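If you want the building blocks of each chain, they are given just below.
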Amino acid sequence: MDFALTEEQQMIVDTVRGFVETEIYPHENEVERTGIVPKELGQEIAQKCKDLGFFACNMPEEVGGAGLDHQTFTLVERELGRGSMGLTVFFGRPSGILMACNEEQREKYLIPAVKGEKFDALAMTEPDAGSDVRGMKCFAKPDGDDWIVNGTKHFISHANIADFVIVFIATGEEETPRGPKKKITCFLVDRGTPGFEIRNGYDSVSHRGYKNCILSFDDCRLPSSAILGEVHKGFDIANDWLYATRITVAATCVGRARRVFDYALPYAAERKQFGKPIGANQGVSFKLADMITEIDAADYLTLAAAWRLDQKLPANREIASAKLYASEMLARVTDEAIQIYGGMGLMDDLPLARFWRDARVERIWDGTSEIQRHIISRDLLRPLGA
């Protein structure tokens, strides 16, 4: 395992970081103030990403993507993590789950998503089914060759800009040792489908401008051709997606933490109290030491998990460890950075309070910290029969 960047990887890191600093940073304050990303700005960011050749860089070359391996794409996500998610969402990364499309679906969904002609969103969470995904109530009943869907999804990220949504819906039930559990099927649903509505979700203190939405299905009729994969086999394709998104969360947390540290370190060296820089005091210098140690540790955990995926090695526990540690690390680092700045750290003149608020959701979405600990402990104990 070699973490030294190749010349190509270093060029990618430098290019993406430069993009974030020049195309994302200048708009962050306005997005934070209004909670809105103007449509024209989103389109501009997407076009500049295409011009750079980075749009759909996570997708295989065979479908028109850049074909980056997991480790290199993790470096891209780490650099994007430095910027506002409300803006970087337009740095197109279609869901890898679309690779499960059949030939007809590829032409309608996959290829347009790779080209940036359509944006996708992914919907799994419900008001009564968060961590317990198989407890979902949104249900599809067969009706001839069609399916009739009723129910609600919520907390669906960036569905406000989506042309279609990848939706996981219960289509049956099976008995398990822990009681009845839903069978899940994945559907591709176009915006504007009768009986399907996308509406604004909740106002969040985290990632303003990056919208969550509520999806409602009211006797929504979907053809069998809308099924992605096989009936009742939604989890078979969902697991691969969960791997990718959890590594993404870990990587973005590392990138954001490094940006936070870039504020804290020079301030500790320049800010003087009692006739000397505050960084000369162990109360501050030790904070910096702990912060950079945790950032580096999270970085290496994340890259190691991505490396395992590239080597086609089991990585479930390693990905969970990276997501758990990086998200909790970001919370500690942002909190300590504010402590170093004192009262100024909480003022809107600086983005630290924003980073602090944004950090809070990372321990919740894409699997809570508790779920990650469950995955890790289960992986350790199952081979021992416990």
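Owing to the predicted nature of the structure, the values given are computational and were not obtained by experimental measurement.

Reading the values: rules and limits
Residues numbered from 1 in each chain as written. Predicted model: local features only at pLDDT ≥ 70, side-chain atom pairs only at ≥ 80, totals over all residues. Heavy atoms only, no water. Helix = DSSP H or I, 4+ residues; strand = E, 2+ residues; numbered from the N terminus. Rg over C-alpha atoms; globule rule 2.2 N^0.38 Å. Buried < 20%, exposed > 50% of the residue type's maximum accessible area, 1.4 Å probe, protein only. Contact = heavy atoms within 4.5 Å. Areas by Shrake-Rupley, 256 points an atom, 1.4 Å probe, with all protein chains shown as cover. Lys, Arg positive; Asp, Glu negative; His and termini not counted. Charge placed at Lys NZ, Arg CZ, Asp CG, Glu CD. Salt bridge = Lys/Arg side-chain N within 4 Å of Asp/Glu carboxyl O. UniProt positions renumbered as here; feature names shortened; annotations may be inferred. Pairing = 2+ DSSP bridges. Axes fitted to C-alpha atoms, helices over the stretch in contact; angles between N-to-C directions. Parallel < 35°, antiparallel > 145°, perpendicular 65-115°, else oblique. Left-handed = near helix turned anticlockwise from the far one by under 90°. Nonpolar A, V, L, I, M, F, W, Y, C, P; charged D, E, K, R; others polar. Patch = residues over 30% accessible without salt bridge, like charges linked within 9 Å, V, L, I, M, F, W, Y side chains within 5 Å. Core = buried A, V, L, I, M, F, W, Y, C linked by side-chain atoms within 4.5 Å.

J.: In this structure, what is going on with the overall build of the protein? I would like to understand it.
T.: Each helix and strand in the protein was counted, giving ten helices and ten strands. What you see for the protein is a C-alpha radius of gyration of 22 Å, in line with the 21 Å of a compact globule of 386 residues. Projected onto its principal axes, the C-alpha coordinates of the protein cover approximately 80 × 55 × 40 Å. Buried residues in the protein amount to 50% of all 386 residues. Long-range pairs, those at least 24 residues apart, make up 75% of the contacts in the protein between residues at least 6 apart in sequence. With the model as given, the accessible surface of the protein reaches about 18,400 Å², and the carbon-plus-sulfur share is 51%. If you average the places of the 46 positive and of the 58 negative side-chain charges in the protein, the two averages end up 5 Å apart.

J.: Sorry, what's going on with the side chain of Q71 here?
T.: With respect to the helices, strands and loops of the structure, Q71 is situated in helix α3 (residues 70-80). Taking relative accessible area as the criterion, Q71 reaches 12% and is therefore assigned buried. Not counting residues up to four positions away in its chain, the partners in contact with Q71 are D2, F3, L303, A306, W307 and D310.

J.: Which parts of the structure should I look at to understand the pattern of salt bridges?
T.: Once their charged atoms are close, side chains differing in charge can pair, the charge on each being opposite to the other. Going through the model one piece at a time under the given rule, you end up with 27 salt bridges. A salt bridge links E32 to R208; the nearest nitrogen and oxygen atoms lie 3.5 Å apart. Of the two residues, E32 sits in helix α1 (residues 7-34) while R208 sits in the loop between β6 (196-200) and β7 (212-223), which places them 176 residues apart along the sequence. Residue E32 is classed as buried on the basis of its relative accessible area of 15%. You can call R208 partly exposed: its relative accessible area is 33%. Salt bridges here are not isolated pairs; linked through shared partners, they connect R17, R78, E79, R82, R258, D262, D296 and D299.

J.: Quick question: what am I supposed to make of helix α9 (residues 352-361) here?
T.: A turn of α-helix holds 3.6 residues, and therefore any two residues three or four places apart point the same way. Judged by how many residues are buried, α9 sits mostly within the fold: seven of ten residues are covered. Here α9 has its buried residues at L352, A353, R354, F355, D358, A359 and V361. Among the structural elements, α1, α6 (234-270) and α8 (316-341) are those in contact with the buried residues of α9.

J.: Whenever I open this one, the UniProt feature "domain: Acyl-CoA oxidase/dehydrogenase middle" (unreviewed entry) in the protein confuses me. Can you help?
T.: When the UniProt feature table is mapped to this numbering, "domain: Acyl-CoA oxidase/dehydrogenase middle" (unreviewed entry) covers residues 121-220. Structurally, residues 121-220 is divided into 0% helix and 59% strand, and its ends, taken at the C-alpha atoms, are 18 Å apart.

J.: How should the pairing of strand β2 (residues 139-143) be read in this particular structure?
T.: Every regular strand shows the same layout, with side chains that alternate between the two sheet faces. Sheet topology note: the β2/strand β3 (residues 146-157) ladder contains five bridges and is antiparallel. Bridging across to β3, F139 finds its partner in N150. Counted along the chain from β2 to the antiparallel partner β3, the turn is two residues long, and its residue G144 has a positive phi close to 70°.

J.: How should the packing of α1 against helix α2 (residues 39-52) be read in this particular structure?
T.: If you want to describe how two helices pack, look at the angle between their axes and the distance between the axes. Between α1 and α2, the shortest axis-to-axis distance is 12 Å and the interhelical angle comes to 165°. When the axes of α1 and α2 are compared, the pair comes out roughly antiparallel. For α1 against α2, the interelement crossing comes out right-handed. Only L41, I45, K48, C49 and L52 of α2 make contact with α1, whose side of the interface consists of T15, F19, E23, I24 and H27. For the contact of α1 with α2, the per-class residue count stands at six nonpolar, two polar and two charged.

J.: Before we go on, may I ask you to explain a nonpolar patch on the surface in this structure?
T.: On the surface, M344, L346, M347 and W356 cluster together into a nonpolar patch covering about 370 Å² of accessible area. Relative to the helices and strands, W356 resides in helix α9.

J.: Hey, could you run me through the nonpolar core in this one?
T.: Across soluble globular proteins, nonpolar side chains have a tendency to be buried as a group. Ranked by size, the top nonpolar core spans 53 residues in total, and within it V76, I166 and F168 carry the most contacts. If you list the elements that add at least two residues to this core, you get α1, α2, α3, α4 (85-88), α5 (103-115), β4 (164-176), β5 (179-190) and α6. The dominant element in this core, judged by the number of residues it contributes, is α1, at six residues. Contact partners of I166, with chain neighbours within four places excluded, come to S95, I97, L98, D120, A121, L122, A123, C186, F187, L188 and L228.

J.: I tried to follow unusual backbone geometry on my own but got confused; where do I start?
T.: Negative phi values dominate among residues other than glycine, just as trans dominates among peptide bonds. Within the chain, H158 stands out as a residue other than glycine whose phi angle is a positive 45°. Its location among the elements puts H158 in the loop between β3 and β4. A relative accessible area of 17% places H158 in the buried class. Residue H207 is not a glycine yet carries a positive backbone phi of 50°.

J.: What should I look at first to understand the environment of R258 in this one?
T.: Within the secondary structure, R258 sits in helix α6. For R258 and R78, which are 180 residues apart along the polypeptide, the C-alpha to C-alpha distance reads 9.5 Å. Those residues within four positions of R258 in sequence are excluded, and the remaining contacts are R82, I292, I295, D296 and D299.

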